[in-house]
Amino acid sequence: QKTSGNAALDPLFAAMRQHHQKVDTGLIERAYRTAEHFHDGQMRKSGDAYITHPLAVATILASLGLNEPTICAALLHDTVEDTGYTLAQLTNDFGDEIATMVDGVTKLDKMVYGESAKAETIRKMVIAMSRDIRVLIIKLADRLHNMRTISSLRPDKQIRIAKDTLEIYAPLAHRLGMNAIKWELEDLSFSVIEPKIYSEIVKLVAERAPLRDQYLSTVIEQVKQDLADNKIKATVYGRPKHYYSIYQKMMVRGRDFYDIYDLVGLRVLVDTKRECYDVLGVLHARWRPLPGRFKDYIAMPKFNLYQSLHTTVLGPGGKPVELQIRTNEMHKQAEYGVAAHWRYKEGKSAGDEINWVHSISEWQKETEDSGEFLDTFTEEIAKN
Ligand code: GDP
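First, a word on what this report is: a plain description of the structure on this page. In this convention, every chain numbers its residues from 1, walking through the sequence in written order. Whole-chain, interface and lining totals are the exception, using all residues; otherwise, since this is a predicted model, local features are given only for residues with pLDDT of at least 70 and side-chain atom pairs are given and counted only at 80 or more. To get the side-chain values, all heavy atoms of the structure are used, and hydrogens and water are removed first.

## Regarding the overall build of the protein chain
Phase 1 of the analysis: Within the protein chain, the regular secondary structure consists of 18 helices and five strands.
Phase 2 of the analysis: Throughout, exposure labels follow a simple rule: accessible area from a 1.4 Å probe, protein chains only, divided by the maximum for the residue type, with under 20% read as buried, over 50% as exposed, and the rest as partly exposed. Here the protein chain holds 384 residues, and 51% of them are scored as buried.
Phase 3 of the analysis: Any two residues whose heavy atoms approach within 4.5 Å are treated as being in contact. Within the protein chain, contacts between residues separated by at least 24 positions form 67% of all contacts whose residues are at least 6 apart in sequence.
Phase 4 of the analysis: The protein chains shown are the only cover counted for residues, whose accessible areas, like all others here, come from Shrake-Rupley with a 1.4 Å probe. Of the roughly 18,100 Å² that the protein chain leaves accessible, carbon and sulfur atoms contribute 52%. Only DSSP runs of H or I reaching four residues or more are called helices, and only runs of E reaching two or more are called strands; each is numbered from the N terminus.

What follows is the structure in structure tokens.
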């Protein structure tokens, strides 16, 4: 396999190869060298060379499985805005698809930059997305890396950015079904906005984890045994609890830390939809389900196309256990959301785009009352 002459690119190529063996390294290297050349001499607040940022953003996207054009656009995403490289040059060097994405990110940055209200910002993002939903996916990865490296900023700036992240970007990630990014954005923002409470919860979790893990492994063993007895091949594991979601449940529902944290969640992944219902049957036969807790998001997916069976059963010792049962494919959708549609081999599907645009528009309507504008907007997209 061809390796790059530039060791800086190895983690990026490794992330891409996790999803696809044939990576167009030549194109990626060219995009990297161009970005490196134009950002030469620029620094991040951390003191790192600026190029480390677009490279990190590209690597985040590669780990989500996005394909070459998106990775190139990520590498080049700040060039037109912050360097002498022009959009015309970029189009000439890399073609329309990549140039249009970079232009979308640049325009988005300009719009979001003004201190406008949350609803207004979201409205602008919806417009920006009309060009290509990948623009928003790049923007989310960009924000994620900025949040990961936020400690080099002034404290007041950190808080402002973390609040924006929590109010705009995390909900956007949820809307796009990109759960893996959503929870990390939330936990990072939470640690900046409420550092004391955050470390208190981290401490409580660390103290309690061994006891919880012990119970969890008992449950997992039993589930594996039952599924093996029924000849169902499955992956079974404990669902991680994120700090911000614990905090929210404590604040919003006024519940005790231990009640929230001790409630274990289990995930069962299988190959087929049919097996999901088989697993449900097996586990409802093993443990009594709690009334009103069964949800069939497979038959009725959520707005962001999330699919799964949810149920809560009374596990060993009569303790409630939350179960999520889904296929491996549904799991990808649950973690990566719309990004899953832009992975290797899967070309752009107009139908999917329209669903997403529709879903975002619905959300927009909930956020502010500008329905008329959005109706027109959705129709425009549908026509294209
Ligand atoms: P319900 O009460 O069973 O409908 O579920 P909740 O809304 O309380 O969510 C419970 C858990 O289900 C969450 O912590 C997530 O793990 C999962 N979940 C629910 N909605 C989504 C979604 O839209 N995307 C993803 N990835 N997970 C979700």
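We are not done yet, so read on.
## Side note on the packing of helix α1 (residues 10–17) against helix α2 (residues 25–39)
Phase 1 of the analysis: In contact at an axis separation of 12 Å, α1 and α2 are set at 140° when each is read in the N-to-C sense. Viewed along their axes, α1 and α2 form a crossing whose handedness is right-handed. On α2, the residues that touch L12, F13, M16 and R17 of α1 are T25, I28 and E29.
Phase 2 of the analysis: In this count, Pro and Cys sit with the nonpolar residues alongside Ala, Val, Leu, Ile, Met, Phe, Trp and Tyr, while Asp, Glu, Lys and Arg are called charged and the others, Gly among them, polar. Residues of the contact of α1 with α2, tallied by class, amount to four nonpolar, one polar and two charged. Axis lines are fitted through C-alpha atoms, for helices just across the contact stretch, and the angle between N-to-C directions can take any value from 0 to 180 degrees. For a crossing to be left-handed, the near helix must be turned anticlockwise from the far one by less than a right angle; the clockwise case is right-handed.

## Points about the site of the ligand
Phase 1 of the analysis: Surrounding the ligand, one finds H174, N179, R239, R267, K295, Y297, K302, N304, Y306, H310, Q324 and A334.
Phase 2 of the analysis: Look at the ligand: alone it shows 570 Å² of surface, and the protein chains cover 72% of it.
Phase 3 of the analysis: Of the pockets mapped on this structure, the ligand occupies the largest pocket.
Phase 4 of the analysis: Considered class by class, the residues forming the shell around the ligand number three nonpolar, five polar and four charged. Only a single heavy atom is needed: when it lies within 4 Å of a molecule or strand, its residue is near that molecule or strand. Cavity means a closed set of points on a 1 Å grid over the protein atoms alone, one where a 1.4 Å probe fits but cannot get out, pocket means an open set with protein on both sides within 12 Å along at least 5 of 7 lines, and lining means a residue has an atom within 4 Å of a point. Here the criterion for a molecule occupying a pocket or cavity is that more than half of its atoms lie within 2 Å of the pocket grid points.

## As for helix α12 (residues 195–229)
Phase 1 of the analysis: A helix is expected to span 1.5 Å for every residue after the first. With 35 residues, α12 should reach 51 Å at 1.5 Å per residue; the first-to-last C-alpha distance of 47 Å fits that figure.
Phase 2 of the analysis: At A209, α12 shows its largest bend, some 50°, and a proline, P210, comes one to four positions later.
Phase 3 of the analysis: Within the span of α12, buried status applies to I201, L204, V205, A209, R212, Y215, L216, V219, I220, V223, D226 and L227.
Phase 4 of the analysis: Note on α12: the residue one or two positions beyond its end, K231, has a positive phi of about 55°. To get the bend at any residue, fit one axis to the seven residues that end at it and another to the seven that begin at it, then take the angle between the two axes.

## Observations regarding the packing of aromatic side chains
Phase 1 of the analysis: Under the pairing criterion, centres of Phe, Tyr and Trp rings, with the six-membered ring standing for Trp, must be within 6.5 Å; the plane angle then separates stacked pairs below 30 degrees from edge-to-face pairs above 60, leaving the rest tilted. Following the criterion strictly, the structure yields nine aromatic pairs and no others.
Phase 2 of the analysis: Ring geometry for F190 against Y247: centres 4.5 Å apart, planes inclined by 25°, an arrangement best described as stacked. Of this pair, F190 sits in helix α11 (residues 179–193) while Y247 sits in helix α13 (residues 243–252); the two residues are 57 residues apart in sequence, bridging distant segments of the chain.
Phase 3 of the analysis: The class of F190 is buried, set by a relative accessible area of 2%.
Phase 4 of the analysis: On the accessibility criterion, Y247 (14% relative accessible area) is buried.
Phase 5 of the analysis: Look at F257 and Y261: their rings are 5.5 Å apart centre to centre, the planes differ by 15°, and that puts the pair in the stacked class. With F257 and Y261 both in helix α14 (residues 257–262) and four residues apart, this pair spans about one turn of that helix.
Phase 6 of the analysis: Of the residues examined, F257 reaches a relative accessible area of 3% and is grouped as buried.

## A short note on the nonpolar core
Phase 1 of the analysis: Among the buried residues, those of types Ala, Val, Leu, Ile, Met, Phe, Trp, Tyr and Cys that are joined through side-chain atoms within 4.5 Å form a nonpolar core. In terms of nonpolar packing, the biggest core is built from 62 residues, with L12, L61, I71, L75, L76, L140 and M178 touching the most fellow members.
Phase 2 of the analysis: The biggest single contributor to this core is helix α9 (residues 133–148), with nine residues.

## Quick look at the layout of surface pockets
Phase 1 of the analysis: Grid points are joined across faces, edges and corners, and a volume is the space filled by probe spheres set on the points. Quantified by volume, the largest pocket comes out at close to 1,500 Å³.
Phase 2 of the analysis: Taken together, 43 residues form the lining of the largest pocket, with N179, K182, R239, S245 and K249 sitting closest to its centre.
Phase 3 of the analysis: Looking at the lining of the largest pocket, the elements that each hand over two or more residues are α10 (155–175), α11, α13, β4 (309–314), β5 (320–327) and α16 (328–336).
Phase 4 of the analysis: Looking at the lining of the largest pocket, the element that brings in the most residues is α10, giving six residues.
Phase 5 of the analysis: Considering only residue class, the lining of the largest pocket consists of 15 nonpolar, 12 polar and 16 charged.
Phase 6 of the analysis: Each domain's extent is set by a domain assignment, obtained either automatically or from a database. Both domain 1 (7–193) and domain 2 (208–334) contribute no fewer than three residues apiece to the lining of the largest pocket.

## Comments concerning the sheet that holds strand β2 (residues 264–270)
Phase 1 of the analysis: Here a strand pair is declared whenever DSSP counts at least two bridges between the two strands. Pairing in this open sheet of five strands is mixed, and the strands run β1-β2-β5-β4-β3 from one edge to the other. With one partner strand each, in any of the chains shown, β1 (235–238) and β3 (295–296) form the two edges of the open sheet.
Phase 2 of the analysis: Alignment of β3 against β4, held across two bridges, turns out to be antiparallel. Directly across from K295, in β4, lies its bridge partner H310.
Phase 3 of the analysis: Contacting β1, β2 and β5, α12 runs over the sheet at an angle of about 30° to β2.

## Considerations on the side chain of Q324
Phase 1 of the analysis: Tracing the chain through its elements places Q324 in strand β5.
Phase 2 of the analysis: At 2.9 Å, the side chain of Q324 forms a polar contact with the side chain of R267.
Phase 3 of the analysis: A 3.5 Å cut-off defines polar contacts: any pair of N or O atoms within that distance qualifies, except that in protein one atom must be a possible hydrogen donor and the other a possible acceptor, and neighbouring residues in sequence count only when both atoms are side-chain atoms. Looking at Q324, its side chain comes within polar contact range of the side chain of R326, at 2.9 Å.
Phase 4 of the analysis: In contact with Q324, other than residues within four places in its own chain, are R239, L266, R267, V268, Y306, S308, L309 and H310.

## A short note on the pairing of β2
Phase 1 of the analysis: Summarising burial for β2: seven of the seven residues are buried, a large majority.
Phase 2 of the analysis: Neither face of β2 is left uncovered, since the one carrying V264, L266, V268 and V270 and the one carrying G265, R267 and L269 both have all their residues buried.
Phase 3 of the analysis: Sheet topology note: the β1/β2 ladder contains four bridges and is antiparallel. Bridging from a neighbouring strand, T235 pairs with L269 of β2.
Phase 4 of the analysis: As judged from the seven bridges shared by β2 and β5, these two strands associate in the parallel manner. Each bridged residue has a counterpart across the sheet, and for L266 the counterpart in β5 is L323.

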